[in-house]
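Fold and contact review
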Amino acid sequence: MRGLLVKDLCLTLKNKRLLVVILFLAVMLTVLKGETAASFVISFVTALCGTLVLNTISIDEFDKSVAFLMTMPINKGIYAAEKYVFALGSGLVGCVISSVFYIIMTSFSFVDILQQALLIFFTLSLIQMIVLPIQFRFGSDIGKVVLLGGVAFFMVSLSIITKVGGENLLIWMDRAENLFLQWVDSSEKWLLYLLTGVIWVIFVGISLLVSESIIKKKEY
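The notes below deal with the structure included here. This one's a predicted model, so the numbers in the text were calculated from it and none came from an experiment.

Some words on the overall build of the protein
Broken down by element type, the protein carries 9 helices and 0 strands. Along the chain direction, N to C, the helices and strands of the protein fall in the order α-α-α-α-α-α-α-α-α. Out of the 220 residues in the protein, the part that is buried amounts to 32%. Looking at the protein alone, contacts between residues at least 24 apart form 80% of all its contacts between residues at least 6 apart. A total accessible area of about 14,000 Å² is found for the protein, and carbon and sulfur atoms account for 74% of it.

So this is what it looks like as structure tokens:
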């Protein structure tokens, strides 16, 4: 797996323009917006760094690298696991760098930035776990269409359910939200962090198993 990580890192570092653009936009937003843009900048950098793995998957499929890699002492399961490690690792690196950058450039406290960074990384990594199986199954171009179609279907379905349910549904959703917030406020922080971590691990594990199943069935 180490060799695969080095390969993907080298492919990513070749795209220096994108890395420079990410850094430039982060600096400009910090200078122009200051502390008000903290969440956006951290989210922006984390999301872009996390999606770098999609470029490596596209390149592997374009130049038939996967077929060559399978002749080495690795299997499709290791290949899928490496992509997940690279995706989460690159997203985490982007999150850490942007957080440290914001702590240095603004008067935000370390605790505030850490809480925001953890929430952002947790949320965006869950989105990655949805995107990666779609990318493996449909490829780069069709995968984007499927993903956009899924988002559109979800939004339309949510709109229809809201209209059909009417005011009663909105009242029920508001009550459910209030009960959830009350439970969060009354619960111990360590318990919330533990539950969040368990949910995250389960979600990542399910996504990885789905991706492994997809890759094992594909012919490269």
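Side note on the packing of helix H1 (residues 2-14) against helix H6 (residues 76-105)
Orientation of H1 relative to H6, taken along the N-to-C sense of each, is 50 degrees, at an axis distance of 10 Å. In terms of their interaxial angle, H1 and H6 are classed as oblique. Crossing of H1 against H6: the hand is right-handed. Contact residues: Leu 4, Leu 5, Lys 7, Asp 8, Leu 9 and Thr 12 in H1; Ile 78, Tyr 79, Glu 82, Lys 83, Val 85 and Phe 86 in H6. For the contact of H1 with H6, a count of residues per class yields 7 nonpolar, 1 polar and 4 charged.

A short note on helix H4 (residues 52-62)
Residues three or four positions apart in an α-helix share a direction because the helix packs 3.6 residues into each turn. Every buried residue of H4 is accounted for by Leu 52, Val 53, Leu 54, Thr 56, Ile 57 and Asp 60. At the exit of H4 stands Lys 64, carrying a positive phi of roughly 60 degrees.

A word on helix H7 (residues 110-138)
Taking 1.5 Å per residue, 29 residues should reach 42 Å; H7 reaches 41 Å between its end C-alpha atoms and fits that length. Downstream of H7 by one or two residues, Gly 139 has phi in the positive range, about 85 degrees.

So, the pattern of salt bridges
Following the criterion strictly, the structure yields 2 salt bridges and no others. Between Lys 83 and Asp 8 there is a salt bridge whose closest N-O contact spans 3.0 Å. Residue Lys 83 is located in helix H6, and its partner Asp 8 is located in helix H1; the two are separated by 75 residues in the primary sequence. Across this residue pair, the class does not change: Lys 83 and Asp 8 are buried. Residues joined in a network through salt bridges with shared partners are Lys 7, Asp 8 and Lys 83.

Overview of the nonpolar core
In terms of nonpolar packing, the biggest core is built from 33 residues, with Val 45, Val 53, Tyr 79, Met 129, Leu 132 and Phe 136 touching the most fellow members. Breaking this core down by element, the ones donating at least two residues are helix H2 (16-33), helix H3 (38-50), H4, helix H5 (65-69), H6, H7 and helix H9 (189-217). With 9 residues, the single largest contributor to this core is H6. Beyond its immediate sequence surroundings of up to four residues, Val 45 is in contact with Ile 22, Ala 26, Gly 94 and Ser 98.

Calculation rules
- What you see as residue numbers is a count from 1 along each chain, following the sequence as written.
- Residues qualify for local features only when their pLDDT is at least 70, as the model is predicted, and side-chain atom pairs are given and counted only at 80 or more; totals for whole chains, interfaces and linings, by contrast, use all residues.
- Only hydrogens and water are set aside when side-chain values are computed; all heavy atoms of the structure are taken into account.
- Each helix is a run of H or I in the DSSP string that is no shorter than four residues. Each strand is a run of E no shorter than two, and both are numbered from the N terminus.
- The buried label goes to any residue with under 20% of its type's maximum accessible area, the exposed label to any with over 50%, and the partly exposed label to all in between, with areas taken from a 1.4 Å probe on protein chains only.
- By the convention used here, residues are in contact when the closest approach between their heavy atoms is within 4.5 Å.
- Computed with the Shrake-Rupley method and a 1.4 Å probe, the accessible areas treat only the protein chains shown as cover for residues.
- Axis angles are defined between N-to-C directions and span 0 to 180 degrees, where every axis is a line fitted to C-alpha atoms and, for a helix, only to the segment in contact.
- Reported orientations rely on four angle classes, namely roughly parallel under 35 degrees, roughly antiparallel over 145, roughly perpendicular from 65 to 115, and oblique for the rest.
- Should the near helix be turned counterclockwise from the far one by less than a right angle, the crossing is left-handed, whereas a clockwise turn marks it as right-handed.
- Classification used: nonpolar for Ala, Val, Leu, Ile, Met, Phe, Trp, Tyr, Cys and Pro, charged for Asp, Glu, Lys and Arg, polar for all others including Gly.
- Take the residue count of a helix, subtract one, and multiply by 1.5 Å to get its expected span.
- Between Lys or Arg on one side and Asp or Glu on the other, a salt bridge is scored when a side-chain nitrogen of the former is within 4 Å of a carboxyl oxygen of the latter.
- For our purposes a nonpolar core is just a set of buried Ala, Val, Leu, Ile, Met, Phe, Trp, Tyr and Cys residues, chained together by side-chain atoms within 4.5 Å.

Don't take any of this as a statement about function, it's just geometry.
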